[in-house]
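Each chain, letter by letter, is given below.
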Amino acid sequence: MSHHSQGSTSTSNTITAQHQHEGGSCPVVGDTHDYCPHHKGDVRSPCPALNALANHGYLPRDGKNISVFDLIRALREGYRLSMPLALILSIGAVFILGQFRKISLADLARHNLIEHDASLFHRDARKGEEYAPRCPDCSLLKAVVHQGGYYKPGRITLEDVANIRAKREMHGSLDFTHAEIARGEMAIAIGVLGGPNADKEGLDLEVLKTWVKYERLPDGWKPDHTQGLYHTYKMATVIRDRMDAIKSGKLKNALDDEDATEAAIVMSVAHAPQIPPTSE
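These notes cover the structure that comes with them. Everything quoted here is computed from the prediction, not taken from an experiment.

1. Notes on the overall build of the protein chain
A tally of regular secondary structure across the protein chain gives 11 helices and four strands. Long-range contacts, defined here as pairs at least 24 residues apart, represent 61% of the contacts in the protein chain between residues at least 6 apart. Accessible surface computed for the protein chain: about 14300 Å², of which carbon and sulfur atoms make up 55%.

What follows is the structure in structure tokens.
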């Protein structure tokens, strides 16, 4: 085993060993932006983008006591969003939540505020529940990885997202606001993580999988461009227009041409009632 491998293994064991992020800081990785997953006492949201920022120390690592200025700074530093886009997302979040002082990441799980049904990665909230599931659903993530890459093997494009979202919303449509949020969050994810040509080239599906499942940025990754408001709007519009064409029957969903029985079953699972955990 090489020294590098030994060091990597040692670091991995250290960050996974139980410790606390008291005051939002990590005693293991310190003030760096190295990855450390959430530990006991930390809170997280259904949003992999913000969870990853907390896991890398751009937001308080415990996910608590986050001000709107913390959000703006983290989005700017971690993902290199333009100031207008970071402002709209951050101020919009606290406005929708109705919490103008500080928030915790757990607040973003409040159902039908920012969080919404028909997520690509999370099951719907149970009827009557105030909070939606925080953790991604492995079967839904598997379905997205399976259905993505139709146009560019191994990469999820805006067109893929439109196809997948149209299929997902067959089980339940969204209101205008949440439909815009759903399209915008994927436009930002692909735009930021996919690079400056992501609107055409898409995003590596393995990068997406790691980001969603482990709420982690790729090793050594740094944003290589500024993701602006207008560019994000144009990317979201590509998704919206294609979805509209599919839903109106003007365009056939490419996923209808494949044997998507398994994926369709997985998608429907997200709407099945969740079984509450039993106490031992």
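2. Some remarks on the side chain of T232
Along the polypeptide, T232 turns up in helix α10 (residues 229–248). Classification of T232 as buried rests on a relative accessible area of 7%. A polar side-chain atom of T232 sits 2.7 Å from the main-chain carbonyl oxygen of G228. Those residues in contact with T232, other than ones at most four positions away along the chain, are L85, A187, I188 and Q227.

3. Observations concerning unusual backbone geometry
The phi torsion at R80 lies on the positive side, around 55°, for a residue other than glycine. On the secondary structure map, R80 appears in the loop between α3 (68–79) and α4 (83–97). Positive phi values are uncommon outside glycine, yet E215 reaches one of about 55°. Checked against the element boundaries, E215 lands in the loop between α9 (205–214) and α10.

4. Regarding the packing of aromatic side chains
Scanning the model with the defined rule gives four aromatic pairs in all. Ring plane angle 25° and centroid distance 6.4 Å describe the contact between Y230 and Y233, whose orientation is recorded as stacked. Taken together, the positions of Y230 and Y233, both in helix α10 and three residues apart, correspond to about one turn of that helix. Taking relative accessible area as the criterion, Y230 reaches 57% and is therefore assigned exposed.

5. Some words on the environment of I246
Residue position: I246 is located in helix α10. Relative accessible area serves as the criterion here: at 14%, I246 is assigned to the buried category. Separated by 84 residues in sequence, I246 and A162 place their C-alpha atoms 8.7 Å apart. In this structure, I246 is in contact with A162, N163, A166, L251 and N253, ignoring residues within four places of it in sequence.

6. Considering helix α6 (residues 158–168)
The buried fraction of α6 amounts to 10 of the 11 residues, a majority that puts the element mostly inside the structure. Among the residues of α6, those classed as buried are L158, D160, V161, A162, N163, I164, R165, A166, K167 and R168.

7. Notes on the nonpolar core
Among the nonpolar cores identified, the biggest contains 53 residues, and L59, Y79, I156, I190, L208 and W211 are the most heavily contacted of them. Elements with a minimum of two residues in this core: α2 (48–55), α3, α4, α5 (138–147), α6, α7 (176–194), α9 and α10. With seven residues, α7 is the largest single contributor of residues to this core. In this structure, C26, V29, Y35 and C36 belong to the second largest nonpolar core, which totals five residues.

8. Some thoughts on the pattern of salt bridges
Within the structure shown, the criterion is met by 12 salt bridges. Its salt-bridge partner being R73, residue D70 comes within 2.7 Å of it at the nearest N-O pair. Note that D70 and R73 are positioned in helix α3 at a spacing of three residues, about one turn of the helix. Of the residues examined, D70 reaches a relative accessible area of 15% and is grouped as buried. Salt-bridge contacts for D219 lead to R216; the nearest nitrogen and oxygen are separated by 3.3 Å. By relative accessible area, D219 is classed as exposed at 68%. Looking at R216, the relative accessible area reads 27%, which means it is partly exposed. Members of the salt-bridge network, linked through shared partners, are R165, E169 and K247.

9. Notes on the state of the cysteines
All chains considered together, the criterion is met by zero disulfides. Between C135, a cysteine without a disulfide, and C138, which holds the nearest cysteine sulfur, the sulfur-to-sulfur distance is 9.2 Å. Exposure remark for C135: the relative accessible area of 46% places this residue in the partly exposed category.

The rules behind each value
- Residues numbered from 1 in each chain as written.
- Predicted model: local features only at pLDDT ≥ 70, side-chain atom pairs only at ≥ 80, totals over all residues.
- Heavy atoms only, no water.
- Helix = DSSP H or I, 4+ residues; strand = E, 2+ residues; numbered from the N terminus.
- Contact = heavy atoms within 4.5 Å.
- Areas by Shrake-Rupley, 256 points an atom, 1.4 Å probe, with all protein chains shown as cover.
- Buried < 20%, exposed > 50% of the residue type's maximum accessible area, 1.4 Å probe, protein only.
- Polar contact = N/O pair within 3.5 Å; in protein donor to acceptor, adjacent residues only side chain to side chain.
- Phe/Tyr/Trp six-rings, centres within 6.5 Å; stacked < 30°, edge-to-face > 60°.
- Core = buried A, V, L, I, M, F, W, Y, C linked by side-chain atoms within 4.5 Å.
- Salt bridge = Lys/Arg side-chain N within 4 Å of Asp/Glu carboxyl O.
- Disulfide = S-S within 2.5 Å.

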